[in-house]
Amino acid sequence: MKHIPPSGPLVRAARALATLMKRPGRVSQLAPVSLTSDPVVLDAAHIHRYATLCGFARVDQVPMTYPQLLTFPLVMHYVTMPSFPWPAMGTVHLANAITQHRLLSAGDAVRAELHTGPLWSHDKGQVFTLALRILSEGSGDCVWEATQTLLRVGVRSPRSEEHTSELQSRET
């Protein structure tokens, strides 16, 4: 698993812009990639600002969506890596499926992980998934995980079975 050091928003933006010229041929699968972040200690003031901004009624707990912020630098690093086949710009976030295995609290030490997932075709391009996990730094237990579903718009010959969202499958 590759360790990713922290980087600021300007570095991430510059890396995203540098991918604009990527023009891959047909992509049959994503290269297997696993990334991990430095450990972080969850900060009560930051959690409170996030919860207030998002309109969560209870700000004494870590909202279930908060760990997504901890995975964002890994996602940005991945979509700007040479092994990611498409430009970062033009990739659309479609959905998250989140499972929280235990409540997180301010003061918890955690680290984030990212693993590449499968591809699906879509009438607008290529769908792919990223498996994201938050691990307790002390025990190594997975305390939160999510599957992030993204769409690379404009891929002419998308690979694999057609993507069906959970909302579409409930309607049929």
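## A word on helix H2 (residues 44-54)
Part 1 of the reasoning: Along H2, the positions that sit buried rather than exposed are Ile47, Tyr50 and Ala51. The arc that holds the buried residues of H2, viewed along the axis, is 95°, so those residues lie on one side. Within H2, the exposed residues directed more than 90 degrees away from the buried face are Arg49 and Leu53.
Part 2 of the reasoning: Against helix H3 (67-79) lie the buried residues of H2.
Part 3 of the reasoning: Just beyond H2, the residue with positive phi is Gly55, at close to 85°.

## Some remarks on the nonpolar core
Part 1 of the reasoning: With 32 residues, the main nonpolar core has Leu42, Tyr78, Leu114, Phe128 and Leu130 as its most contacted residues.
Part 2 of the reasoning: Elements that contribute at least two residues to this core include exactly H2, H3, strand E5 (109-122), strand E6 (125-136) and strand E7 (142-153).
Part 3 of the reasoning: It is H3 that contributes the most residues to this core, 6 residues altogether.
Part 4 of the reasoning: Beyond its immediate stretch of four places on either side in the chain, Leu114 contacts Val33, Ser34, Leu35, Leu74, Val75, Tyr78, Leu130, Ala131 and Leu132.

## Structural notes on the environment of Leu151
Part 1 of the reasoning: Tracing the backbone through its elements, the reader meets Leu151 in strand E7.
Part 2 of the reasoning: Ignoring sequence-local partners within four residues, the contact set of Leu151 consists of Gly90, Thr91, Val92, Leu94, His122, Lys124, Gly125, Gln126 and Val127.

## Digging into the side chain of Gln126
Part 1 of the reasoning: Structurally, Gln126 is set in strand E6.
Part 2 of the reasoning: Taking the relative accessible area as the measure of exposure, Gln126 reaches 1% and is therefore buried.
Part 3 of the reasoning: Within the structure, Gln126 has its side chain in polar contact with the backbone oxygen of Trp120 (distance 2.7 Å).

## Remarks on H3
Part 1 of the reasoning: Its 13 residues place the ends of H3 19 Å apart at the C-alpha level, agreeing with the 18 Å of an ideal helix rising 1.5 Å per residue.
Part 2 of the reasoning: Of all bends in H3, the biggest is about 30°, found at Pro73.
Part 3 of the reasoning: With 10 of 13 residues buried, H3 is to be regarded as a mostly interior element.
Part 4 of the reasoning: Turning to H3, its buried residues number three or more, namely Pro67, Gln68, Leu70, Thr71, Leu74, Val75, Met76, His77, Tyr78 and Val79.

## What to know about a nonpolar patch on the surface
Part 1 of the reasoning: On the surface, Val92, Leu94 and Val153 cluster together into a nonpolar patch covering about 210 Å² of accessible area.
Part 2 of the reasoning: Residue Val153 is classed as partly exposed on the basis of its relative accessible area of 39%.

## Quick word on the pattern of salt bridges
Part 1 of the reasoning: For the structure shown, the criterion picks out 4 salt bridges.
Part 2 of the reasoning: Residue Glu113 pairs with Arg111 through a salt bridge whose shortest N-O separation is 3.2 Å.
Part 3 of the reasoning: Judged by relative accessible area, which is 5%, Glu113 ranks as buried.
Part 4 of the reasoning: With a shortest N-O distance of 3.1 Å, Arg111 and Glu137 are connected by a salt bridge. Residue Arg111 is located in strand E5, and its partner Glu137 is located in the loop between E6 and E7; the two are separated by 26 residues in the primary sequence.
Part 5 of the reasoning: Glu137 sits in the partly exposed class, given a relative accessible area of 34%.
Part 6 of the reasoning: Through salt bridges with shared partners, one network takes in Arg111, Glu113, Arg133 and Glu137.

The rules behind each value
- Residues numbered from 1 in each chain as written.
- Predicted model: local features only at pLDDT ≥ 70, side-chain atom pairs only at ≥ 80, totals over all residues.
- Heavy atoms only, no water.
- Buried < 20%, exposed > 50% of the residue type's maximum accessible area, 1.4 Å probe, protein only.
- Helix = DSSP H or I, 4+ residues; strand = E, 2+ residues; numbered from the N terminus.
- Arc of directions from axis to C-beta.
- Contact = heavy atoms within 4.5 Å.
- Core = buried A, V, L, I, M, F, W, Y, C linked by side-chain atoms within 4.5 Å.
- Polar contact = N/O pair within 3.5 Å; in protein donor to acceptor, adjacent residues only side chain to side chain.
- Expected span 1.5 Å × (residues − 1).
- Bend = angle between axes of the 7 residues up to and from the residue.
- Patch = residues over 30% accessible without salt bridge, like charges linked within 9 Å, V, L, I, M, F, W, Y side chains within 5 Å.
- Areas by Shrake-Rupley, 256 points an atom, 1.4 Å probe, with all protein chains shown as cover.
- Salt bridge = Lys/Arg side-chain N within 4 Å of Asp/Glu carboxyl O.

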